[in-house]
Structures are given as C-alpha cells and as structure tokens.
Amino acid sequence: MELKACECTLTLDQSGAQKIAEKGLAHCQECELKTNLWLCLTCGHLGCGRKNYDGSGGNNHGVEHFEKTGHGLNVKIGTITPEGKASIHCYKCDEEVLDPYLADHLKVLGIDVLS
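Here, residues in each chain are numbered from 1, in the same order as that chain's written sequence. This being a predicted model, a pLDDT of at least 70 is required before a residue's local features are given, and a value of 80 or more before pairs of side-chain atoms are given or counted; all residues contribute to the totals for chains, interfaces and linings. To obtain the side-chain values, all non-hydrogen atoms of the structure were used and water was disregarded.

**Digging into the nonpolar core**
Most often, soluble globular proteins keep nonpolar side chains buried together rather than apart.
Thought 1: We define the nonpolar core as a collection of buried residues of types Ala, Val, Leu, Ile, Met, Phe, Trp, Tyr and Cys that are connected through side-chain atoms lying within 4.5 Å of one another. In this scheme, a residue with accessible area under 20% of its type's maximum is buried, one over 50% is exposed, and one in between is partly exposed, where area comes from a 1.4 Å probe on protein chains only. Among the nonpolar cores identified, the biggest contains 21 residues, and Leu39, Leu41, Leu73 and Leu106 are the most heavily contacted of them.
Thought 2: In this description a helix means any DSSP run of H or I spanning at least four residues, a strand means any run of E spanning at least two, and both kinds are numbered starting from the N terminus. Of all the secondary structure elements, the ones that give two or more residues to this core are strand E1 (37-40), strand E2 (46-48), strand E3 (73-76), strand E4 (88-90) and helix H3 (102-108).
Thought 3: The greatest single-element share of this core, amounting to three residues, is contributed by H3.
Thought 4: With near-sequence residues (within four places) excluded, Leu106 lies in contact with Leu39, Leu41, Val75, Ile80, Ile111 and Val113. Only heavy atoms matter for contacts: two residues are in contact if any of them lie within 4.5 Å across the pair.

**Quick word on the side chain of His45**
Thought 1: Relative to the assigned elements, His45 resides in the loop between E1 and E2.
Thought 2: The class for His45 is buried, based on a relative accessible area of 11%.
Thought 3: We define a polar contact as two N or O atoms separated by no more than 3.5 Å, with the added condition that, inside protein, one atom must be a possible hydrogen donor and the other a possible acceptor, whereas residues neighbouring each other in sequence contribute only through side-chain atom pairs. Within polar-contact distance, the side chain of His45 engages the side chain of Glu30 at 3.0 Å.
Thought 4: Setting aside chain neighbours within four positions, we find His45 in contact with Gln29, Glu30, Trp38, Leu39, Cys40, His61 and His65.

**Looking at the environment of Glu2**
Thought 1: Locating Glu2 in the fold gives a position in the segment before helix H1 (7-10).
Thought 2: Classification of Glu2 by relative accessible area gives exposed; the value is 67%.
Thought 3: Measuring from C-alpha to C-alpha, the distance between Glu2 and Val97 comes to 9.0 Å, with 95 residues separating the pair along the chain.

**Let's talk about the environment of Cys93**
Thought 1: Assignment of secondary structure puts Cys93 in the loop between E4 and strand E5 (95-97).
Thought 2: For the pair Cys93 and Asn36, spaced 57 residues apart in sequence, the C-alpha to C-alpha distance is 21 Å.

**What about the packing of aromatic side chains?**
Thought 1: Pairing of aromatic rings covers Phe, Tyr and Trp, the last counted by its six-membered ring, and requires centre-to-centre distances within 6.5 Å; plane angles under 30 degrees mean stacked, over 60 mean edge-to-face, and any other angle means tilted. Enumeration over the complete set of coordinates arrives at one aromatic pair.
Thought 2: Pairing Phe66 with Tyr91 gives two aromatic rings, centres 5.4 Å apart and planes at 20 degrees, and the pair type is stacked. With a gap of 25 residues between them, Phe66 in helix H2 (residues 61-69) and Tyr91 in the loop between E4 and E5 connect regions that are remote in the sequence.
Thought 3: Given a relative accessible area of 11%, Tyr91 falls into the buried group.

**Brief notes about the sheet that holds E1**
Thought 1: What makes two strands pair is DSSP finding at least two bridges between them. Ordered in space as E2-E1-E3-E4-E5, the five strands form an open sheet in which the pairing is antiparallel. Every other strand in the sheet has two partners, leaving E2 and E5 as the edge strands with one partner each. Adjacent strand axes in the sheet meet at a mean angle of 35 degrees when their direction is disregarded. Only the stretch in contact is used when a helix axis is fitted, and all axes are lines through C-alpha atoms; the angle between N-to-C directions ranges over 0 to 180 degrees.

See below:
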C-alpha cells in the first residue's frame, strides 16, 4: 500500500499548537499510560491509542480528542525517524497517510528531528 498525503496534511493549521513535554515526562494527558501514544499534530495533545478487542492497547484518549475537537492528524510517538518519517493516522480520512511536511509540523510542537 502506497501512502499518500491527504487534504488534512496539506492544510494543517497549527496556529493554536503547544510545545509538548520533555520525552521523559511523556504520558497520555487523560491517563498515565506511557505506551501506544499518539500526538495530535494540530494542537500537541498527547493521547493513548485505541483499546484492542482483547482489552490491551490504550484507553481511546487519542480518538476521544478527535471526537471532541475535530483534530484529525496524529503521529504515533516512537515511530518518528531522524529523516522525518512516522506512522500518521488521519481520523477524518480514517486511514494511514503521508505527511510531506512532518518535520516542519513536529518542529512547531517542539520536536526537531532534522538536527
């Protein structure tokens, strides 16, 4: 499957974005989970992933953030590479997408992958 940029990645508005906490302090903003974290590229909210059918995974706080705010683009923390690539999910498009400006979008949130 070839990933493509979606309209959401090409028109992302980060005007209300906040810098995220230091790496060592990273946990879901709604609970204390420190794994399976997804960073909202619109505002910097850090939420845990979806709960799996077997009860493992997260507590759906990343999805709930999207449902409350409409912020659709999220990058999975831990998949970000020094080349500016990562696993990105767009909740609005309901698919994994490519963000050709990911390094720039992360820099707004305080993550400089290219230095």
